[in-house]
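# Structural characterization, general
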Amino acid sequence: MGRDSMLQDEPWPSAPPTRPPHSTSFCSPCRRVGKTLVSRLLTEFYVVNDRPVAAFDLADEGPQLADYLPDITTIAHISDTRGQMAFFDRLIADDVGAKIVDLSHRVFAKFFTVEQEIRFFDEARHRSIEPLILFIIDPDPKSAKAYAALRHQLSQASLLPVRNQIGAAPLPAGGAVAKADITPTSLDIPLLGLPLRTLLDRRSFSFSRLKRTSPADLPVSPQDELSRWVEHVFSQFRVLELLLGCA
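In this report, the structure presented in the accompanying data block is examined. It should be emphasised that the depicted structure is a prediction, and the values quoted were computed from it without experimental measurement. (Residues numbered from 1 in each chain as written. Predicted model: local features only at pLDDT ≥ 70, side-chain atom pairs only at ≥ 80, totals over all residues. Heavy atoms only, no water.)

## Side note on the pattern of salt bridges
Here the structure, examined in full by the defined rule, presents seven salt bridges. Salt-bridge contacts for arginine 51 lead to glutamate 241; the nearest nitrogen and oxygen are separated by 3.1 Å. Pair noted here: arginine 51 is in the loop between α2 (35-48) and β2 (53-58) and glutamate 241 is in helix α10 (residues 220-243), with a separation of 190 residues, a long-range link. Side by side, arginine 51 and glutamate 241 carry an identical accessibility label, which is buried. A salt bridge links arginine 203 to aspartate 67; the shortest N-O distance between them is 3.7 Å. With a gap of 136 residues between them, arginine 203 in the loop between α8 (194-200) and α9 (207-212) and aspartate 67 in helix α3 (residues 65-68) connect regions that are remote in the sequence. (Salt bridge = Lys/Arg side-chain N within 4 Å of Asp/Glu carboxyl O. Helix = DSSP H or I, 4+ residues; strand = E, 2+ residues; numbered from the N terminus. Buried < 20%, exposed > 50% of the residue type's maximum accessible area, 1.4 Å probe, protein only.)

Set out below in structure tokens:
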């Protein structure tokens, strides 16, 4: 049996078939911690499962989320009132599907300042939208400080740290989540060898296409490693959805 057939026969973790809409933002006050990679993974988790998803790119360094997923990603900005209104209105729009936000480290503080001013998470909850903040942790002291501030600040959104082991970042002390009674303590992005990490950086690479066919220049053994890596991450996304009550 060819490796393409083996890939197609392996069931990848599926998302729950029904759920209320929710908004997930990936953030960190630090640069180059893997926000865009994890945003891509979650966005394509929905694509693989044929579920509606809209992605928003608030990054300002390339390659951006829009470079990898241009068909489902909207480039947005919150530098002025007009941009803020357009962006937050789209997040809270009364439609079906997940909303994924890749948040630049440069607009990290601005995003949460505006959110507090307009009480966006309160309004989202009022509309039965589940706000979730996935915080990419990093050894930089300002990362731990920002994470602690968000834990204190956020009452209407779930906050979950993400251990990006590709960057080998430790979990900040006391790193529980806002809904510690029902959610995991973190999401884990496993280590991945440099050749495969280089493959993921290609703008032509797609996690959802990986399910259907393997890259022509990738040997069988690395292909299997990559498939297991994606399956592990997708399984965590599914568990998180279930535990947040999104099913």
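## Here's the deal with the pairing of strand β6 (residues 158-164)
The buried fraction of β6 is high, at six of seven residues. Judged from the five bridges that link them, strand β5 (residues 130-136) and β6 form a sheet pairing that is parallel. By the bridge assignment, phenylalanine 135 is partnered in β6 with proline 161. Taken together, β5, helix α7 (residues 141-153) and β6 constitute a β-α-β crossover, and its handedness is right-handed. Pairing geometry for β6 and strand β7 (residues 187-189), over three bridges, is parallel. (Pairing = 2+ DSSP bridges. Right-handed = clockwise from strand over helix to strand, strands pointing away.)

## Some remarks on the packing of aromatic side chains
Applying the stated criterion to the full structure yields 16 aromatic pairs. Following the ring pairs from residue to residue traces out a cluster consisting of Phe56, Phe87, Phe88, Phe108, Phe111, Phe112, Phe120, Phe121, Phe135 and Tyr147. Just above the ring of tyrosine 68 sits the side chain of arginine 40; from NZ or CZ to the centre is 3.8 Å. (Phe/Tyr/Trp six-rings, centres within 6.5 Å; stacked < 30°, edge-to-face > 60°. Lys NZ or Arg CZ within 6 Å of the ring centre and 35° of its normal.)

These figures come from the coordinates and say nothing about function on their own.
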